[in-house]
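# Topology and contacts: notes
Listed below, chain by chain, are the residues.
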Amino acid sequence: MHVLGVRRNKKAEGVDTMYGPEEPHDVLAQCDYVVLAAPNTRETTGLFGKAELAAMKPSAFLVNVGRAATLQEKTLYEALTSGRLRGFGTDVWWRYEFGRTFQSDGALG
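All of these numbers come straight from a predicted model, not from anything done at the bench. (Residues numbered from 1 in each chain as written. Predicted model: local features only at pLDDT ≥ 70, side-chain atom pairs only at ≥ 80, totals over all residues. Heavy atoms only, no water.)

### Describing the side chain of Thr 44
As for its position among the elements, Thr 44 is in the loop between β3 (33-36) and α2 (50-55). Taking the relative accessible area as the measure of exposure, Thr 44 reaches 10% and is therefore buried. At 2.5 Å, the side chain of Thr 44 and the backbone oxygen of Pro 39 are in polar contact. Those residues in contact with Thr 44, other than ones at most four positions away along the chain, are Ala 38, Pro 39, Ala 69 and Thr 70. (Helix = DSSP H or I, 4+ residues; strand = E, 2+ residues; numbered from the N terminus. Buried < 20%, exposed > 50% of the residue type's maximum accessible area, 1.4 Å probe, protein only. Polar contact = N/O pair within 3.5 Å; in protein donor to acceptor, adjacent residues only side chain to side chain. Contact = heavy atoms within 4.5 Å.)

### Some details on the pattern of salt bridges
The final tally for this structure, using the stated rule, is three salt bridges. The salt bridge involving Asp 32 is made with Lys 57; its shortest N-O contact spans 2.9 Å. Of this pair, Asp 32 sits in the loop between α1 (24-28) and β3 while Lys 57 is found in the loop between α2 and β4 (61-64), placing the two residues 25 residues apart along the sequence. Since its relative accessible area comes to 26%, Lys 57 is described here as partly exposed. The residue Glu 78 makes a salt bridge to Lys 74 at a minimum N-O spacing of 4.0 Å. Here the residue Glu 78 and the residue Lys 74 both occupy positions in helix α3 (residues 73-82), the gap between them amounting to four residues, near one helical turn. (Salt bridge = Lys/Arg side-chain N within 4 Å of Asp/Glu carboxyl O.)

### A closer look at the environment of Gly 89
With respect to the element layout, Gly 89 can be found in strand β5 (residues 87-90). Relative accessible area serves as the criterion here: at 25%, Gly 89 is assigned to the partly exposed category. Separated by 26 residues in the primary sequence, Gly 89 and Val 63 have C-alpha atoms spaced 4.7 Å apart. Apart from residues lying up to four places away in sequence, Gly 89 is in contact with Leu 62, Val 63 and Asn 64.

### Focus: the pairing of β5
Where β4 lies against β5, four bridges are found, and the strand directions are parallel. Counted as the bridge partner of Val 63 is Gly 89 from β5. Chirality of the crossover, the property in question, places the unit of β4, α3 and β5 among those that are right-handed. (Pairing = 2+ DSSP bridges. Right-handed = clockwise from strand over helix to strand, strands pointing away.)

### Some words on the side chain of Glu 52
Tracing the backbone shows Glu 52 in helix α2. Look at Glu 52: it is buried, it has no salt bridge, and the nearest opposite charge is Lys 50 at 11 Å. Excluding residues that lie within four positions of it along the chain, Glu 52 makes contacts with His 25, Leu 28 and Leu 47. (Lys, Arg positive; Asp, Glu negative; His and termini not counted.)

Following this line, the structure appears as structure tokens:
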């Protein structure tokens, strides 16, 4: 496996090649798997959207282990349902229904 990275500080161990934040589309076009691990800040909210998804291979998988708000949800949905992106995995989501339960008729209570 060849590991590519993108970050402000180009110093990192365990990465074959590190790129700066001005070059993400060059990196995305090469990747079979893309892992987002960014915090949610003013700079990163909505950071990954249509242009980034379009730069990825249609056979690529996207994995988000950062914050949901860094990824544009509607754009991701469109990429997945159109076949533009092969798959998506996450351990975060945009909206949580914590504490809400389903009633016997299927409605949220």
